[in-house]
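# Structural overview
The residues making up each chain are set out below.
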Amino acid sequence: MRVLVATLFLMLFCSVSSSFAVNVDTMNKDELKSMLGSENVVVLDVRAGRDWSSSEFKIKGAIREEPGDVSAWAGKYEKEKTIVLYCA
Amino acid sequence: MYSLLIVLSVTSFWLFSPEALVLIGNGGGLGTGIGIVTLLCFSAITFIGISFIKDDRKSTGQNSQQLQKQKVDLVSFIGIAGMIGTALFASTGILVTAGFTFNEVFYYRFPNFAFAFIILAAALSLQFFPTSIRNRILVITVSFCFAGLAVLVAYGLISEPTVATDFATENTSIMNLLPLLLVFVGLDRVRALLGEELLRFRLTFFLTVMLLAGWMYVSARFVEPQRLIFSTIPYMTAAWKIGGEPGRLIMGMIIILGSLGAVYGLMTVSSSSVTRMFGKKRGDSIGKGIILLMAIAIGAMMGAGVAGTTILELYIRSSLLLWLAYTGLSIFSGSLQAIKKKSFHAAIGMISSTIILLGSLAIFFNQENVIAAALFTVSMIAGALLLITFLNVIAGYVGKNEIPIIKNTEV
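What you see is a predicted model, and the numbers here were worked out from it, not measured in a lab. (Residues numbered from 1 in each chain as written. Chains lettered and ligands numbered in written order. Predicted model: local features only at pLDDT ≥ 70, side-chain atom pairs only at ≥ 80, totals over all residues. Heavy atoms only, no water.)

### With respect to the overall build of chain A
Secondary structure assignment for chain A yields five helices and three strands. Ordered by position from N to C terminus, the α and β elements of chain A give α-α-α-β-α-β-α-β. In chain A, which comprises 88 residues, the share counted as buried stands at 35%. A fraction of 56% describes how many contacts in chain A between residues 6 or more apart in sequence connect residues 24 or more apart. In the structure as shown, chain A presents an accessible area of about 5,300 Å², 53% of it carried by carbon and sulfur atoms. (Helix = DSSP H or I, 4+ residues; strand = E, 2+ residues; numbered from the N terminus. Buried < 20%, exposed > 50% of the residue type's maximum accessible area, 1.4 Å probe, protein only. Contact = heavy atoms within 4.5 Å. Areas by Shrake-Rupley, 256 points an atom, 1.4 Å probe, with all protein chains shown as cover.)

### Quick notes on the confidence of the model for chain A
On average, chain A scores 74 in pLDDT, and the residues at 70 or more come to 75%. Scored below 50 in pLDDT, residues 1-21 of chain A shows 41 contacts in the model against residues more than four places distant or in partner chains. (pLDDT = per-residue confidence, 0-100.)

### Here we look at the interface of chain B and chain A
At the junction of the two partners, chain B supplies 21 residues and chain A supplies 15 residues. Roughly 1,500 Å² of surface becomes buried between chain B and chain A when both sides are summed, with 54% attributable to carbon and sulfur atoms. Its largest share of buried area at the contact with chain A, chain B owes to Phe100(B), Glu104(B) and Tyr108(B), together 39% of the area lost on that side. The interface formed by chain B and chain A contains three salt bridges. Across the pair Glu313(B) and Arg50(A) runs a salt bridge, and its minimum N-O distance is 2.8 Å. Of all the elements in the fold, those that place two or more residues in the side of chain B that touches chain A are helix H6 (74-106), helix H13 (234-275) and helix H15 (311-340) of chain B. Here the element with the most residues in the side of chain B that touches chain A is H6(B); it accounts for eight residues. When grouped by side-chain class, the residues that make up the side of chain B that touches chain A number ten nonpolar, seven polar and four charged. (Buried area = accessible area lost by both parts, 1.4 Å probe. Salt bridge = Lys/Arg side-chain N within 4 Å of Asp/Glu carboxyl O. Nonpolar A, V, L, I, M, F, W, Y, C, P; charged D, E, K, R; others polar.)

### Overview of the packing of H15(B) against helix H16 (residues 346-365) of chain B
Residue and element names in this part refer to chain B. Contact geometry of H15 with H16 gives a least axis separation of 8 Å together with a crossing angle of 160 degrees. Taken together, the axis directions place H15 and H16 in an arrangement best described as roughly antiparallel. The crossing of H15 and H16 is left-handed. When H15 is examined against H16, the residues Arg 317, Leu 321, Leu 324, Ala 325, Gly 328, Leu 329, Ile 331, Phe 332, Ser 335, Leu 336, Ala 338 and Ile 339 are found in contact with a partner set consisting of Ala 346, Gly 349, Met 350, Ser 352, Ser 353, Ile 356, Leu 357, Ser 360, Ile 363 and Phe 364. Taken together, the residues of the contact of H15 with H16 sort by class into 15 nonpolar, six polar and one charged. (Axes fitted to C-alpha atoms, helices over the stretch in contact; angles between N-to-C directions. Parallel < 35°, antiparallel > 145°, perpendicular 65-115°, else oblique. Left-handed = near helix turned anticlockwise from the far one by under 90°.)

### Details of the pairing of strand S1 (residues 41-45) of chain A
All names here are of chain A. When you tally the buried positions in S1, you get five out of five residues, the bulk of the element. Burial along S1 is two-sided: Val 41, Val 43 and Asp 45 facing one way and Val 42 and Leu 44 facing the other are all buried. As paired elements, S1 and strand S2 (residues 63-64) share two bridges and run parallel to each other. For Asp 45, the partnering residue across the bridge sits in S2 and is Arg 64. (Pairing = 2+ DSSP bridges.)

### With respect to helix H7 (residues 112-128) of chain B
When the terminal C-alpha atoms of H7(B) are compared, their 25 Å separation across 17 residues agrees well with the 24 Å that a helix rising 1.5 Å per residue should span. Looking at H7(B), one finds that the buried residues are Phe115(B), Ala116(B), Ile119(B), Leu120(B), Ala123(B), Leu124(B), Leu126(B) and Gln127(B). (Expected span 1.5 Å × (residues − 1).)

### Examining the side chain of Ser353(B)
Residue position: Ser353(B) is located in helix H16. Apart from the residues within four sequence positions on either side, Ser353(B) is in contact with Gly328(B), Ile331(B) and Phe332(B).

### Let's talk about the nonpolar core
What tends to happen in soluble globular proteins is that the nonpolar side chains get buried as a cluster. Among the nonpolar cores identified, the biggest contains 124 residues, and Trp14(B), Leu21(B), Leu149(B), Trp215(B), Tyr235(B) and Met251(B) are the most heavily contacted of them. Broken down by element, the residue count for this core peaks at 18 residues, all from H13(B). When residues no more than four places from it in sequence are discounted, the contact partners of Met251(B) are Leu21(B), Leu149(B), Leu152(B), Trp215(B), Tyr235(B), Met236(B) and Ala239(B). Counting eight residues, the second largest nonpolar core, distinct from the first, contains Val43(A), Ile59(A), Val84(A) and Tyr86(A). (Core = buried A, V, L, I, M, F, W, Y, C linked by side-chain atoms within 4.5 Å.)

Here it is in structure tokens:
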């Protein structure tokens, strides 16, 4: 877990195009750590390829979603909640 | 003993790679008995089959120009496309896996990305080391992999299992076991590279296959089938379940050293598949150039984030299948020649090549995105055609006074 916490943060949106397209808030590992477990936070693991398949760890409670298929899962999560995505 | 270890390092370059260990782990989840039997059958089919492949440099008595003409056919392009594709794409994936392994198992502050580049640099540097030093490093590398896996297998055998092994899941089918054929990809080139070391090759291959079968067995003793089947890192899950943190550390070392050996081996084998068409003098200089270009391409792909895309797995699988198909076609060709000589054993070669070819086709059509795989496959073959054409032009300038490496007096 320390591995994740140490490297965690984020790159909450590592997609360059997405970052340029919209203004997305980011948070550091300490901010996220303090929010973990809250009902109002949804953590999404959007790592792809070997970034995901070679890793032993994920953030506790994170939900895995396919980064290339955002439209398929974007509607599943309440917009009122804080949705945190991590990709590394 | 030392020469045996050198042969082991060549024989096992792919067998201890993360890719092979994933295939074995996934296979173990499909049923211990059927998984091991399938693994052993595929190893025997491949091993027996490649004995029918003619070593063109030894038996035909051709000079390099004749050899060049003979080799440039569609089958050769399939082989070159498969080998270079595997060297490029599988190495990219393997290196990233090694980076993650180091980061998560040994030292989380060190960036996985940087470690992947260090392994790539090490594999490239090895190519330019003196043979004696290179052999020592490879021997240490593969010996650790072999010994480490043997320790885990032994510990797994003497420990109380946590999972019943007499199972069969709804996923158990020959279609799902077929990918185990890919564990033995490259064995044809290993045999060609080892040349006269046939006895040691047989011994080291047998020992390694037995070890891998043992690993498959103990993995299934400690990890639930469904987890093994669908895991992308079954080797690490099994190592942790068997040996706890020490087991995880040992497997971490196996993955890192196995990755170094695999990337070095893939570079060597794929470049030799091209350079053997050009004779020794031109081949050596072309070979070094190809290896350097491959390392740059792999580094560029890692830098561009190719490993973080899902398409990489399709590229790796398709490249491996091209290589497997090439092996099957080569065995088929060798068996045909044996039939012409009315050799009784030719039937064995035909059976072997048929299984390998049908197996590679079945795996290919069982992929999720067959059209993309087909497009990639055609592109790789076309790329191989362009590469050879380009190298022929270059080689024409480099080695006009080349001395043929094969004497016409040899039989």
